[in-house]
Amino acid sequence: MEPTDFEKWCAGELGYSPEFIMIKRRKDFFGTTGYKSSDIEVRYRAWNAGVFSRLPYQTQPPEE
């Protein structure tokens, strides 16, 4: 598997390799992705919050 954009960014922030961040990835009972390390998990939740808050603004309004 290739590292995600988050994993590449997080590796640069924490000074780890993207492969190390990938090793810490986990899936819970419901199939959602998370990370075993709390340092990474906190950054992952913040990253997702930022991504989801921008979603409505990424699409162009329909032109009529």
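Residues numbered from 1 in each chain as written. Predicted model: local features only at pLDDT ≥ 70, side-chain atom pairs only at ≥ 80, totals over all residues. Heavy atoms only, no water.

Trainee: I'm lost on the overall build of the chain in this one. Help?
Mentor: Helix and strand counts for the chain come out as three helices and two strands. In the chain, the succession of α and β elements from N to C terminus is α-α-β-β-α. Per-residue burial for the chain yields a buried fraction of 19% across its 64 residues. The contacts in the chain between residues at least 6 apart in sequence include a share of 30% that link residues at least 24 apart. For the chain, the exposed surface amounts to about 5,200 Å²; the carbon and sulfur share of it is 56%. (Helix = DSSP H or I, 4+ residues; strand = E, 2+ residues; numbered from the N terminus. Buried < 20%, exposed > 50% of the residue type's maximum accessible area, 1.4 Å probe, protein only. Contact = heavy atoms within 4.5 Å. Areas by Shrake-Rupley, 256 points an atom, 1.4 Å probe, with all protein chains shown as cover.)

Trainee: What's the story with the nonpolar core in this structure? I'm lost.
Mentor: Side chains that are nonpolar tend, in soluble globular proteins, to be buried together. One finds Phe6, Cys10, Ala11, Ile21, Tyr35, Ile40 and Tyr44 forming the largest nonpolar core, which totals seven residues. Listing elements by their share of this core, those giving two or more residues are α1 (5–14) and α3 (38–58). Per-element tally for this core: the top contributor is α1, with three residues. Apart from residues no more than four positions distant in its own chain, tyrosine 44 is found in contact with Phe6, Thr33 and Tyr35. (Core = buried A, V, L, I, M, F, W, Y, C linked by side-chain atoms within 4.5 Å.)

Trainee: Would you mind going over the confidence of the model for the chain with me for this structure?
Mentor: Fine structural detail should not be taken from predicted coordinates in areas where pLDDT scores are low. Averaged over the chain, the pLDDT score is 83; the fraction of residues at 70 or greater is 83%. Of all the helices and strands in the chain, α3 carries the lowest mean pLDDT, 80, while helix α2 (residues 18–23) carries the highest, 91. (pLDDT = per-residue confidence, 0-100.)

Trainee: Sorry if this is basic, but what is going on with the environment of arginine 45 here?
Mentor: Of note, arginine 45 is situated in helix α3. Residues arginine 45 and tyrosine 35, 10 residues apart in the sequence, show an inter-C-alpha distance of 9.9 Å.

Trainee: Just to check I follow, could you spell out the environment of glycine 34 for this structure?
Mentor: Its location among the elements puts glycine 34 in strand β2 (residues 33–35). Given a relative accessible area of 1%, glycine 34 falls into the buried group. When the C-alpha positions of glycine 34 and arginine 45 are compared, they lie 8.6 Å apart, and in sequence the two are 11 residues distant. Not counting residues up to four positions away in its chain, the partners in contact with glycine 34 are Lys24, Arg25, Arg26 and Glu41.

Trainee: Honestly, the side chain of glutamate 7 in this entry has me stumped. Any pointers?
Mentor: You can see glutamate 7 is positioned in helix α1. Within the structure, the side chain of glutamate 7 is placed 2.8 Å from the side chain of tyrosine 35, a separation counted as a polar contact. Once you skip the residues sitting within four places of it in the chain, glutamate 7 turns out to touch Glu2, Pro18, Ile21, Met22, Arg25 and Tyr35. (Polar contact = N/O pair within 3.5 Å; in protein donor to acceptor, adjacent residues only side chain to side chain.)

Trainee: Would you mind going over the side chain of glutamate 41 with me for this structure?
Mentor: Turning to its location among the elements, glutamate 41 is positioned in helix α3. Classification of glutamate 41 by relative accessible area gives buried; the value is 13%. Those residues within four positions of glutamate 41 in sequence are excluded, and the remaining contacts are Arg26, Gly34 and Tyr35.

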